[in-house]
Amino acid sequence: MTVADFEGVDDLVLPFSVEPLDVRGRVVRLGAAVDTILARHGYPDAVARLIGEAAALTVLLGTSLKFEGRFQLQTKSDGPVDMVVVDFDAPDRLRACARFDAERLSALAGASVKSGDLLGHGHLAMTIEAGPELSRYQGVVPLEGQPLEEAAHQYFRQSEQIPTRVRLAVAQQFEAGRSAYRAGGMLVQFLPSSPERMRQADLPPGDAPQGHVGAEHAEDDAWVEARALVDTVEDHELVDPNVSSERLLYRLFHERGVRVFEGQPVHEECRCSHARIMTMMTRFSADDRAHMVEGGRIRITCEFCSRAYDLDPAEVEAEIATSAER
Ligand SMILES: [Zn+2]
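The rules behind the values
Residues numbered from 1 in each chain as written. Predicted model: local features only at pLDDT ≥ 70, side-chain atom pairs only at ≥ 80, totals over all residues. Heavy atoms only, no water. Salt bridge = Lys/Arg side-chain N within 4 Å of Asp/Glu carboxyl O. Helix = DSSP H or I, 4+ residues; strand = E, 2+ residues; numbered from the N terminus. Buried < 20%, exposed > 50% of the residue type's maximum accessible area, 1.4 Å probe, protein only. Donors = N, O, S within 2.8 Å, 3.2 Å for Na, K, Ca; no water. Tetrahedral: all angles 85-135°; square planar, octahedral: opposite > 155°, others 65-115°. Contact = heavy atoms within 4.5 Å. Axes fitted to C-alpha atoms, helices over the stretch in contact; angles between N-to-C directions. Parallel < 35°, antiparallel > 145°, perpendicular 65-115°, else oblique. Left-handed = near helix turned anticlockwise from the far one by under 90°. Nonpolar A, V, L, I, M, F, W, Y, C, P; charged D, E, K, R; others polar. Pairing = 2+ DSSP bridges. pLDDT = per-residue confidence, 0-100. Polar contact = N/O pair within 3.5 Å; in protein donor to acceptor, adjacent residues only side chain to side chain.

A word on the pattern of salt bridges
- Overall, the coordinates contain 23 salt bridges when judged by the stated rule.
- Linking Arg 197 and Asp 22 is a salt bridge whose minimum nitrogen-to-oxygen distance equals 2.8 Å. Placement of Arg 197 in the loop between β9 (178–190) and α6 (221–230) and of Asp 22 in the loop between β1 (12–18) and β2 (23–30) is noted, with a sequence separation of 175 residues between them.
- Between Arg 271 and Asp 89 there is a salt bridge, and its shortest N-O distance comes to 2.6 Å. Of this pair, Arg 271 sits in the loop between β12 (267–268) and α9 (274–282) while Asp 89 sits in strand β4 (residues 81–89); the two residues are 182 residues apart in sequence, bridging distant segments of the chain. Like Arg 271, the residue Asp 89 is buried in the burial classification.
- One salt-bridge network, in which partners are shared between bridges, spans Arg 70, Asp 87, Asp 89, Arg 93, Arg 95, Glu 269 and Arg 271.

Now the structure itself:
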């Protein structure tokens, strides 16, 4: 496979490395994968953009899982969007949903609503289930009105302690008579062979007492250079279908030499199924299940993919009884 095979391809994660800078990373571009999710729910634009950013971030992180595994990004906060959930099932499945208050959302109004304003205060949890027994690791970052990118930086600083830079962007594009959402992102990490080089600067000097001269130790020059380059990435470069991920990487790192690896495709697919719905039903008491019956049926709609499950209560009870006997 050659680099040209991926020119302008959507729904693809492109891993790369810049060896002279000891940097590795991934670039993601989401087209149909994210637009399918957003169009299905008909989310207001501000909510759609927030979910798009969260989806790009989730894919950047989730595609680091090698074999089976799951990555979940979840926010719980007091803003107009009080919950966002994005699931990534390795190697390639993405789903997402959000809960929002339409009245509070319209009160925010304005074209330049930031992700931090939508989320407000609360927390962002990143959960990884990986390995043969799907052992669970969770990192939690407080949300205090900061943008999602900034919350991601805090996550890496606290949980993984790897110097990391993340860029996220979402745009709407008009094609074939309708507008479609696109999302893009880039994650860059400093992974030198000697761990001493990974030391990060202390808090910004602004937080230091007067007379304190900057950080106690300087950051590694290679990381300073890589980070400065990533910070030049503009939003449109991450979402423009005419600027491929390869071209963007070349623009940033050609002087140092960038290696691009085989792309990993991703797509929108929910993990809900009849079997999973039945597992969920067993967690309710028989009495609770009886209360779910309306007009002789139990109707459940998946919050992620809007798929409707129309169940016969007698069949549900029979299935639960059979599985309990096993
Ligand atoms: Zn579903």
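What follows picks up the thread again.
With respect to the coordination of the zinc ion
- Of the protein atoms, only Cys 270 (SG), Cys 272 (SG), Cys 302 (SG) and Cys 305 (SG) coordinate the zinc ion, at distances of 2.3 Å.
- In this structure, the zinc ion is surrounded by 4 donor atoms whose angles at the metal cover 102 to 115 degrees, and the resulting shape is tetrahedral.
- When the donors of the zinc ion are listed by position in the chain, the intervening gaps give C-x1-C-x29-C-x2-C. Take Cys 302 and Cys 305: they sit in the same class, and that class is buried.

Describing the environment of Pro 265
- Relative to the helices and strands, Pro 265 resides in strand β11 (residues 264–265).
- The spacing of Pro 265 and Pro 91 is 174 residues in sequence and 8.6 Å in space, taken between C-alpha atoms.
- For Pro 265, the contacting residues outside a window of four places in its chain are Asp 11, Leu 12, Pro 91 and Asp 92.

Quick word on unusual backbone geometry
- Along the chain, Ala 90 connects to Pro 91 via a cis peptide bond; the corresponding omega equals 5 degrees.
- Its location among the elements puts Pro 91 in the loop between β4 and β5 (93–100).
- Positive phi, close to 55 degrees, is recorded for Asp 11, a residue that is not glycine.

Examining the packing of helix α2 (residues 45–62) against helix α5 (residues 148–160)
- Closest axis-to-axis distance for the α2/α5 pair is 11 Å, and the angle between their directions is 30 degrees. As summarised for this structure, α2 and α5 are arranged roughly parallel, according to the angle between their axes. Viewed along their axes, α2 and α5 form a crossing whose handedness is right-handed. Residues Leu 50, Glu 53, Ala 54, Leu 57 and Leu 61 of α2 touch α5, and the partners they reach there are Leu 148, Ala 152 and Phe 156.
- Residues belonging to the contact of α2 with α5 are distributed by class as follows: 7 nonpolar, no polar and 1 charged.

A few points about the sheet that holds β12
- Strands sit in the order β7-β6-β3-β4-β5-β12 across an open sheet of 6 strands; the sheet is mixed. Because the sheet does not close on itself, it has two edges, and the strands there are β7 (135–144) and β12.
- On the sheet, helix α1 (residues 32–41) packs against β5 and β12 and is oriented at approximately 35 degrees with respect to β5.

Focus: the confidence of the model for the protein
- Of all residues in the protein, 91% have pLDDT values of 70 or greater, and the mean over the chain is 89.
- In this model residues 1–6 is a low-confidence stretch, pLDDT under 50, and it forms 9 contacts with partners more than four residues away in sequence or in other chains.
- For residues 203–208, every residue scores under 50 in pLDDT, and the model assigns this stretch 1 contact once sequence neighbours within four places are set aside.

Comments concerning the side chain of Asp 35
- Positionally, Asp 35 belongs in helix α1.
- What makes Asp 35 buried here is its relative accessible area of 10%.
- There is a polar contact of 2.9 Å between the side chain of Asp 35 and the backbone nitrogen of Tyr 181.
- Residues contacting Asp 35, with those up to four places away along its chain left out, are Arg 178, Ser 179, Ala 180 and Tyr 181.

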